[in-house]
Amino acid sequence: MRRALDAFYRLGGALSAINLTLIMVMIVVQVLSRVLDELLAWLGFSPLGLNVPGLAELASFMLLGATFFGLAYTFWQGGHIRVTLLLQRLPQSAHRVMDVLALLSAAAITAFAAWHSAWLTWDSYDFGDLSIGMVPVPLWIPQAAMVMGLLWLLIALLDALVSLLSGRIAQLHDEAPQE
């Protein structure tokens with residue numbers, strides 16, 4: 001089960017990386033096409049007009065995917081910011097209680113956000129909402145990535161909570177929870 005969950009979190013991280021890579025490729029292609037057009041104009045030729053409309057909007061949707069798909073992986077790798085000033089001064093038993101409370105709070109907030117994001121996504125699908133940019137994209141598509149990322153994070157938070165309560169990990173650190 002542990003290997004399956006770790007692979008699940010890595011898949012989210014990989015999807016996040018793919019989204020970031022696609023954003024980079026789109027930006028590089030857009031810049032190079034503009035440079036080529038400028039170069040052709042400078043040499044006295046007609047520009048090719050390779051400008052692709054709507055790339056900025058598509059990149060923003062991919063940024064949403066990159067952000068939310070990477071949440072669980074980043075959490076499990078210990079990449080989320082934790083304020084440990086108070087925790088460092090607590091005894092081990094109180095530290096564990098604070099970790100449990102933090103995980104319960106984070107799971108509740110994430111579940112709330114996932115639930116309402118799912119309703120928003122359903123409404124966008126049901127009403128046929130489209131983005132208002134150059135390329136009309138059904139809004140439920142990027143919103144579904146947000147819901148999936150939040151559910152991924154919820155699974156990771158519950159996994160960490162179960163690991164903490166069962167004693168497989170002693171406490172959450174800035175590093176990845178290890179068994």
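Here, the structure is the one placed above.
All of these numbers come straight from a predicted model, not from anything done at the bench.

Undergrad: Got a minute to help me understand the nonpolar core in this structure?
TA: The tendency in soluble globular proteins is for nonpolar side chains to be buried as a group. Ranked by internal contacts, the top residues of the largest apolar core, which has 24 residues, are Y9, F75, L103, L150 and L157. Counting residues per element, the ones that place at least two in this core are α1 (2-42), α2 (55-69), α3 (71-76), α4 (92-127) and α5 (140-166). Top contributing element to this core by residue count: α5, with 11 residues. Ignoring sequence-local partners within four residues, the contact set of Y9 consists of R2, A72, Y73, W76, W152, I155, A156 and D159. Within the second largest apolar cluster, five residues are counted, among which are I23, M26, L55 and A59.

Undergrad: Could you clarify how one ought to interpret the side chain of S163 in this entry?
TA: Position of S163 relative to the elements: it lies in helix α5. Relative accessible area serves as the criterion here: at 1%, S163 is assigned to the buried category. Contacts of S163, omitting those with residues within four sequence positions, involve R2, W76, R168 and I169.

Undergrad: Please clarify how the pattern of salt bridges should be interpreted in this entry.
TA: A side chain of one charge can pair with a side chain of the opposite charge if their charged atoms are brought near each other. By the definition in use, this model includes two salt bridges. A salt bridge links D159 to R2; the shortest N-O distance between them is 2.5 Å. With D159 in helix α5 and R2 in helix α1, this residue pair connects regions lying 157 residues apart in the sequence. One salt-bridge network, in which partners are shared between bridges, spans R2, D6 and D159.

About the thresholds
Residues numbered from 1 in each chain as written. Predicted model: local features only at pLDDT ≥ 70, side-chain atom pairs only at ≥ 80, totals over all residues. Heavy atoms only, no water. Core = buried A, V, L, I, M, F, W, Y, C linked by side-chain atoms within 4.5 Å. Buried < 20%, exposed > 50% of the residue type's maximum accessible area, 1.4 Å probe, protein only. Helix = DSSP H or I, 4+ residues; strand = E, 2+ residues; numbered from the N terminus. Contact = heavy atoms within 4.5 Å. Salt bridge = Lys/Arg side-chain N within 4 Å of Asp/Glu carboxyl O.

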